[in-house]
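As a plain string of letters, each chain reads:
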Amino acid sequence: MRIFWALLWRELGTFFYSITGYVIIAAVALVIGSTFVMLIHNLGMDPISMPLTEVFFNSLIYWIIVILVAPVITMRLFALEKASGTFETLMTTQVGDAQVVAAKFSTAAIFYLLMWLPAFASLFIVQHFTNQPRIDWGMMGGMGLGILLSGCLFLAIGCLASAMTKNQVTAAMISLAVGVILFIVAYMAQNISSTDQSQLQILSYFNLFQQMQDFTRGVVDTRTVIFYGSATFLFLFLTLRVVESRRWK
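Remember, it's a predicted structure, so these values are computed and weren't measured experimentally.

A look at the overall build of the chain
Consideration 1: Across its full length, the chain carries 13 helices and 0 strands.
Consideration 2: Secondary structure elements in the chain, listed N-terminal to C-terminal, are α-α-α-α-α-α-α-α-α-α-α-α-α.
Consideration 3: For the chain, the proportion of its 249 residues judged to be buried stands at 44%.
Consideration 4: If you take every contact in the chain between residues at least 6 apart in sequence, the share linking residues at least 24 apart comes to 76%.

Overview of the nonpolar core
Consideration 1: Counting 59 residues, the largest nonpolar core has I73, Y112, M115 and W116 as its most contacted members.
Consideration 2: Ranked by residue count, the leading element in this core is helix α9 (residues 137–163), at 13 residues.
Consideration 3: The residues touching I73, leaving out its near neighbours within four places in the chain, are F15, I24, A108, F111, Y112, M115 and L155.

Remarks on the pattern of salt bridges
Consideration 1: If you walk through the whole model with that rule in mind, you get 4 salt bridges.
Consideration 2: Between R76 and E11 there is a salt bridge, and its shortest N-O distance comes to 3.7 Å. In this pair, R76 is assigned in the loop between α4 (60–74) and α5 (79–84) and E11 in helix α1 (residues 2–16), connecting sequence segments 65 residues apart. Neither residue differs from the other here; R76 and E11 are each classed as buried.
Consideration 3: When the shortest N-O distance is used, the salt bridge between E11 and K104 registers 2.8 Å. With E11 in helix α1 and K104 in helix α7 (residues 97–115), the pair connects residues that are 93 residues apart, well separated along the chain.
Consideration 4: A relative accessible area of 2% places E11 in the buried class.
Consideration 5: Look at K104 and you get buried, because its relative accessible area is 1%.
Consideration 6: Through salt bridges with shared partners, a single network forms among R10, E11, R76 and K104.

Quick word on the environment of A29
Consideration 1: As for its placement among the helices and strands, A29 is situated in helix α2 (residues 19–43).
Consideration 2: Placed 87 residues apart in sequence, A29 and W116 show a C-alpha to C-alpha distance of 7.8 Å.

What about α1?
Consideration 1: With 15 residues, α1 extends 21 Å between its outermost C-alpha atoms, agreeing within 8% with the 21 Å of an ideal straight helix rising 1.5 Å per residue.
Consideration 2: Along α1, the residues that are buried comprise F4, L7, L8, E11, L12, G13 and F15.

A word on the packing of aromatic side chains
Any pair of aromatic rings gets described here by the distance separating the centres and the angle formed by the planes.
Consideration 1: Within this structure, the stated rule accounts for 9 aromatic pairs.
Consideration 2: Aromatic side chains F16 and Y22 sit 5.9 Å apart centroid to centroid with 75° between the ring planes, which places their arrangement in the edge-to-face category.
Consideration 3: Owing to a relative accessible area of 24%, F16 belongs among the partly exposed residues under this scheme.
Consideration 4: Of the residues examined, Y22 reaches a relative accessible area of 47% and is grouped as partly exposed.

Looking at the side chain of E244
Consideration 1: Its place among the elements puts E244 in helix α13 (residues 222–244).
Consideration 2: Since its relative accessible area comes to 17%, E244 is described here as buried.
Consideration 3: Among the polar contacts made by the side chain of E244, one reaches the side chain of R241 at a distance of 2.6 Å.

Description of the environment of L113
Consideration 1: You can see L113 is positioned in helix α7.
Consideration 2: Since its relative accessible area comes to 36%, L113 is described here as partly exposed.

Re the packing of α4 against α7
Consideration 1: At a minimum axis distance of 11 Å, the contact between α4 and α7 shows a crossing angle of 140°. Taken together, α4 and α7 sit at an angle that is classed as oblique. In this structure, α4 crosses over α7, and the sense of that crossing is right-handed. On the side of α4, the interface is formed by Y62, I65, V66, V69, I73 and T74, while α7 contributes A108, F111, Y112 and M115.

Observations regarding the state of the cysteines
Consideration 1: Evaluated as defined, the whole model comprises 0 disulfides.
Consideration 2: C152 forms no disulfide, and the closest cysteine sulfur to it belongs to C159, at a distance of 9.6 Å.
Consideration 3: Its relative accessible area of 12% is what places C152 among the buried residues.

Cut-off values and rules
Residues numbered from 1 in each chain as written. Predicted model: local features only at pLDDT ≥ 70, side-chain atom pairs only at ≥ 80, totals over all residues. Heavy atoms only, no water. Helix = DSSP H or I, 4+ residues; strand = E, 2+ residues; numbered from the N terminus. Buried < 20%, exposed > 50% of the residue type's maximum accessible area, 1.4 Å probe, protein only. Contact = heavy atoms within 4.5 Å. Core = buried A, V, L, I, M, F, W, Y, C linked by side-chain atoms within 4.5 Å. Salt bridge = Lys/Arg side-chain N within 4 Å of Asp/Glu carboxyl O. Expected span 1.5 Å × (residues − 1). Phe/Tyr/Trp six-rings, centres within 6.5 Å; stacked < 30°, edge-to-face > 60°. Polar contact = N/O pair within 3.5 Å; in protein donor to acceptor, adjacent residues only side chain to side chain. Axes fitted to C-alpha atoms, helices over the stretch in contact; angles between N-to-C directions. Parallel < 35°, antiparallel > 145°, perpendicular 65-115°, else oblique. Left-handed = near helix turned anticlockwise from the far one by under 90°. Disulfide = S-S within 2.5 Å.

Read these as layout, nothing more, since geometry by itself doesn't imply function.
Given below as structure tokens:
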């Protein structure tokens with residue numbers, strides 16, 4: 001466990017001891033702040049039937065941020081070390097492959113959550129200066145869980161892409177392509193109608209938009225949690241296999 005924490009702090013340092021992490025957080029904060037300003041301006045004084053949180057996190061802006069930022073966060077995790085030659089040095093030390101994968105993924109997830117702090121700050125600011133109802137902490141908890149689960153899925157995809165290549169740009173493009181495909185599948189799942197209950201059940205697992213809408217309402221479906229957890233574990237397992245494949249060469 002001590003080795004895992006050492007690797008975790010090492011990876012976090014690469015984000016915050018350089019300008020990369022601050023640029024990512026600043027860019028996301030700018031997009032989030034601008035989006036909230038536009039939402040409030042467009043709504044004006046007219047009442048709305050849903051909380052502002054639900055309006056934002058069910059918009060395309062949220063998914064665009066996740067799809068674009070996840071590759072940027074993860075592209076350097078393995079690819080940069082492979083390109084610089086430090087990866088082989090790291091793997092010859094007394095660390096396990098699973099520890100390396102877990103530490104790098106955990107770093108990406110922690111940074112991802114920190115990246116969304118400006119969004120929560122924006123919610124408190126809007127609630128303070130408007131006539132919005134008091135913040136429902138159950139709804140906030142569900143929203144936070146939705147952000148974490150959906151983000152972990154795309155981050156796990158990015159980890160796999162980064163482990164497959166030495167080129168950061170290639171890793172980012174692979175991760176982005178898979179993320180866009182998943183987005184398209186989610187769009188199709190939301191818009192395809194079927195009378196077959198089993199087909200509808202399968203489509204519901206890929207309807208990321210409806211799942212996020214439930215989370216923003218404070219509704220946590222265990223089937224959705226299992227889907228995100230299983231998909232994330234699958235991509236991390238594949239990442240581990242790619243890392244271990246160096247021994248077969």
